[in-house]
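# Understanding the architecture of this molecule
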Amino acid sequence: MIFYEGFWVIPVIVVAVSALAFSACLWRRSRDLRKQGLVWQEMFETFGYGIVSFDSRGRVIIANKQACVFFPFLDSTSQTSKGRNLSDFFDYLYDHAVDYSEILKKALEKLSKVSERVDFREVVKTEFGVCLVELHRIKYNQTILIVRDVSVLMKGEHDYVRLNDYSFELTEAIRAATNGIVLIDYNSPNFPIVFANEAFCRYVMRLESEVFGAYFKTIMCQVFDESSCDETYKALDGGGFWDINIQNTSKVNAKVFNLKLSPVINRSGDSGLCVGIFTDITALKTHEAESSKAKKLEALGQLAAGVAHDFNNILSIVDGYARLAMRELDDDVGRDYFEKISKASVRGADLTKQMLTFSRNKVMDNTVVDLGEVLSEQKILLQPLVDASIDFSIDAGDMDDCFIECPADSITQIVMNLTVNARDAIKEEKECGAIEVTLQKCAQDDLPKALLEKDTKPQKGYVRLCVSDDGMGMGKDLQEKIFDPFFTTKDQGKGTGLGLSMVYGLVQQAGGHIDIQSDLGEGTTFFVYFPLSDESPIKKSLSGTLDDLDSIKLEGYSILIAEDEPDLLALVAGMVERLGATVITAANGNEALLKQEEHEGKIDLLLTDVVMPELGGIKLAEMFRELRPDTKVLFISGYPASGDFEDLGLDEKVCFMAKPIKYEILCRQIFELLSQDFQKTPVYQAAYWQKTKSIEEIIKGET
Amino acid sequence: MKDFDLSALKVLVVDDQIEVRSMMRNMLMEMGVTQIFDAPDGREALNFIDSAFDFVDLIVCDWNMPKMSGVELLRQLRTVDPDMPFLMVTGRGDIESVVEAKSSGVTGYIRKPFSSVQLEAKLRIVMLKQAA
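One structure accompanies this document, and this report is about it. (Residues numbered from 1 in each chain as written. Chains lettered and ligands numbered in written order. Predicted model: local features only at pLDDT ≥ 70, side-chain atom pairs only at ≥ 80, totals over all residues. Heavy atoms only, no water.)

Tallying each qualifying case throughout the model produces 24 salt bridges over all chains. With a shortest N-O distance of 3.1 Å, A:Arg323 and A:Asp319 are connected by a salt bridge. With A:Arg323 and A:Asp319 both in helix α10 (residues 282-328) and 4 residues apart, this pair spans about one turn of that helix. Of the residues examined, A:Arg323 reaches a relative accessible area of 24% and is grouped as partly exposed. One network of salt bridges, in which partners are shared, links A:Glu614, A:Lys619, B:Glu120 and B:Arg124. (Salt bridge = Lys/Arg side-chain N within 4 Å of Asp/Glu carboxyl O. Helix = DSSP H or I, 4+ residues; strand = E, 2+ residues; numbered from the N terminus. Buried < 20%, exposed > 50% of the residue type's maximum accessible area, 1.4 Å probe, protein only.)

Enumeration over the complete set of coordinates arrives at 13 aromatic pairs over all chains. For the ring pair A:Phe483 and A:Tyr504, a centre distance of 5.4 Å and an interplane angle of 45 degrees mean the geometry is tilted. With A:Phe483 in the loop between α15 (476-481) and α16 (499-509) and A:Tyr504 in helix α16, this pair connects stretches of sequence that are 21 residues apart. Overall, A:Tyr504 belongs to the buried group, its relative accessible area being 6%. Between B:Phe37 and B:Phe48, the aromatic rings sit 5.1 Å apart at their centres with planes inclined by 40 degrees, giving tilted as the arrangement. Here B:Phe37, found in strand β2 (residues 35-39), pairs with B:Phe48, found in helix α2 (residues 42-51); they are 11 residues apart in sequence, far enough to count as distant. A residue is classified by how much of its surface remains accessible, and B:Phe37, at 23% relative accessible area, is partly exposed. Ring pairs connect the aromatic residues A:Phe200, A:Tyr203, A:Phe216, A:Phe224, A:Phe257 and A:Phe278, which therefore count as one cluster. (Phe/Tyr/Trp six-rings, centres within 6.5 Å; stacked < 30°, edge-to-face > 60°.)

Now for the packing of helix α17 (residues 566-578) of chain A against helix α21 (residues 663-675) of chain A. Residue and element names in this part refer to chain A. α21 packs onto α17 with a crossing angle of 55 degrees between their chain directions and a minimal axis gap of 11 Å. The angle between the axes of α17 and α21 places the two elements in the oblique class. As for how α17 packs across α21, the hand of that crossing is right-handed. Residues Val572, Met575, Val576 and Arg578 of α17 pack against Tyr663, Leu666 and Ile670 of α21. Its residues assigned to classes, the contact of α17 with α21 comprises 6 nonpolar, no polar and 1 charged. (Axes fitted to C-alpha atoms, helices over the stretch in contact; angles between N-to-C directions. Parallel < 35°, antiparallel > 145°, perpendicular 65-115°, else oblique. Left-handed = near helix turned anticlockwise from the far one by under 90°. Contact = heavy atoms within 4.5 Å. Nonpolar A, V, L, I, M, F, W, Y, C, P; charged D, E, K, R; others polar.)

Okay, here's the thing in structure tokens:
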């Protein structure tokens with residue numbers, strides 16, 4: 001055995017060398033690894049996708065640059081610590097996830113290879129772009145998030161979706177529009193309809209299924225009248241922009257439309273389509289017609305009013321001097337002439353009053369009357385106007401409570417003028433005929449358009465008064481003019497042309513409407529619509545019989561008593577009140593004048609003493625005749641009937657009673673006087689109507 | 001009720017037409033009025049009233065006058081004399097005119113054409129209203 005002292009050196013050297021070699025190897029390896037790691041890192045960063053990995057507890061382990069571009073808060077170098085774990089990240093994702101269409105989802109699915117362990121895939125829109133985010137669970141409960149930029153892909157889809165939304169909204173808007181909208185194919189013959197909205201289908205009264213693909217020209221000629229169709233075809237054939245008014249042919253549902261046609265220019269600059277817009281202008285046209293008629297009448301009325309004023313002045317002078325002259329003359333013949341002058345000028349004044357009726361609103365008289373009752377009373381009044389050869393009937397029907405706000409006077413004027421018109425229409429052509437006056441309640445459907453479109457509608461609806469004849473009738477042209485003032489078809493001097501325009505004015509004042517239905521050779525019917533009033537008329541009733549004085553009742557009557565002896569005044573007032581009438585007392589003529597001036601309603605009876613200081617009873621009665629011609633007068637006198645009364649020229653309306661007053665006699669006189677209604681004899685009617693119209697003129701046919 | 005005497009009444013008639021003024025004068029005289037003054041227009045009427053205040057108890061005035069209408073005269077009068085009885089003569093019966101006249105302070109009005117009986121009645125009424 002050779003042992004030498006340096007033997008131990010060799011293993012040390014071997015160990016040292018191998019250690020060195022090993023560590024060099026290690027070093028090299030780690031350097032390689034490091035290099036590899038750097039390469040991996042390089043790869044990781046430049047992968048193109050954003051990658052984030054989270055540990056089992058959800059904390060970010062590492063995130064590459066790309067991921068940080070999309071989600072800056074992942075950057076470990078950033079100050080914020082928020083968003084650096086999985087749950088925060090999910091919150092962020094859900095806040096920004098955008099729901100995209102199925103098509104895109106499918107496309108995106110193809111993009112990513114499906115792995116069974118994909119837990120989540122969403123498209124997220126961030127301020128940096130749109131990206132597809134996928135989550136994968138991997139080994140050791142770690143989670144990897146892959147983020148892919150799909151902005152470029154999204155761009156096209158984005159537009160498409162927006163367009164889809166837009167066009168959807170647009171289509172719905174067009175569909176729902178209140179104007180009729182129709183798209184017509186310009187280039188095909190007969191112009192088929194490509195699209196039509198609901199309103200259009202309604203206007204042409206067709207179903208949607210009938211309209212789509214149907215020929216526009218065909219539909220037009222089925223629905224609209226000839227001239228409308230001609231104009232429309234011209235427009236379509238001509239191309240370009242057109243604006244025309246068209247009328248449909250329906251009798252029941254007549255409407256007027258405005259049609260605007262415009263070509264739709266496509267991308268290549270041609271017009272393949274035309275869009276037609278239908279606007280319902282029926283209401284507008286009706287209003288226009290009514291308002292232009294009203295304006296015309298107003299203008300004519302103003303003209304007439306101006307003339308009338310001057311006439312009134314002149315007539316006042318003529319009448320004034322005639323009356324003065326009558327008083328001056330002793331000569332009967334002369335007086336008679338002046339009386340005729342006076343009467344003629346009064347007639348002239350009535351005529352000017354007629355002209356002024358429609359020129360401006362008179363002081364509105366809103367008395368509520370029962371139209372049915374007033375109408376029934378007209379028969380006797382109107383019968384003398386139509387001779388026996390004409391079959392004249394008034395049927396107020398079985399209408400109760402037909403209350404309208406129109407004075408009885410106006411109603412009489414209206415019916416009288418219409419009747420006379422009817423009579424003349426018959427007489428023009430033949431010897432005999434029939435005139436029918438009827439009254440009906442009017443159902444909503446029967447109302448004319450002008451009333452349906454009014455702003456304020458009466459609660460109780462309308463009542464309709466019809467005056468129809470089988471005379472010569474009138475054409476459309478005549479119907480337009482018939483209410484014009486001064487328009488008449490009669491010969492010179494035979495008619496003033498004011499009758500029907502006065503009717504129009506009176507109907508307007510009552511808040512009503514008048515319509516005509518007539519055809520040449522087929523007679524005419526005038527329809528007068530009155531709004532029904534919510535109020536009831538003040539019922540005046542005179543009841544009881546002369547046999548039983550206690551039964552006599554004067555409900556609703558007003559009586560003015562003028563008597564200078566206070567005890568007598570109180571006595572008579574008491575008696576009259578007992579009868580149920582409203583009493584107005586006056587201690588003398590002056591007070592009576594004042595009281596009647598202040599009293600707003602009708603005064604049915606003036607009960608006056610003859611002898612009173614200052615203003616006597618006779619003078620008072622004379623004044624009453626001028627101021628209140630419909631008031632009856634009963635004189636109380638202590639003196640027997642004297643010749644004073646003859647001067648007054650008063651007719652049977654005036655009675656006389658002697659003092660001392662006995663209740664029974666007072667009762668009887670009042671009852672008899674008040675119950676003498678104006679229908680009893682023609683004399684009364686002539687006297688009554690003298691104030692408003694000359695009855696002789698009417699009988700002779702001058703209206 | 002105060003009684004008044006027609007013969008003591010002083011009336012001013014205002015109208016632009018001389019025939020109307022003379023006719024009114026005649027009518028008034030018929031009914032017993034003796035003191036009658038007249039003016040052809042509003043200006044002169046106002047001058048008269050200013051200078052001869054006590055000489056007018058009642059004014060009867062036409063509505064339709066050139067230069068100054070009846071209503072204008074009434075308004076101007078009312079600024080100096082709110083009580084003077086004023087009877088407006090008018091051809092109009094329309095509601096606007098009535099309202100306009102009433103709001104301007106007219107005491108009464110009478111419509112053309114009228115008879116002397118009517119005129120007397122209205123005259124009395126206007127005077128009675130003022131007395132009340």
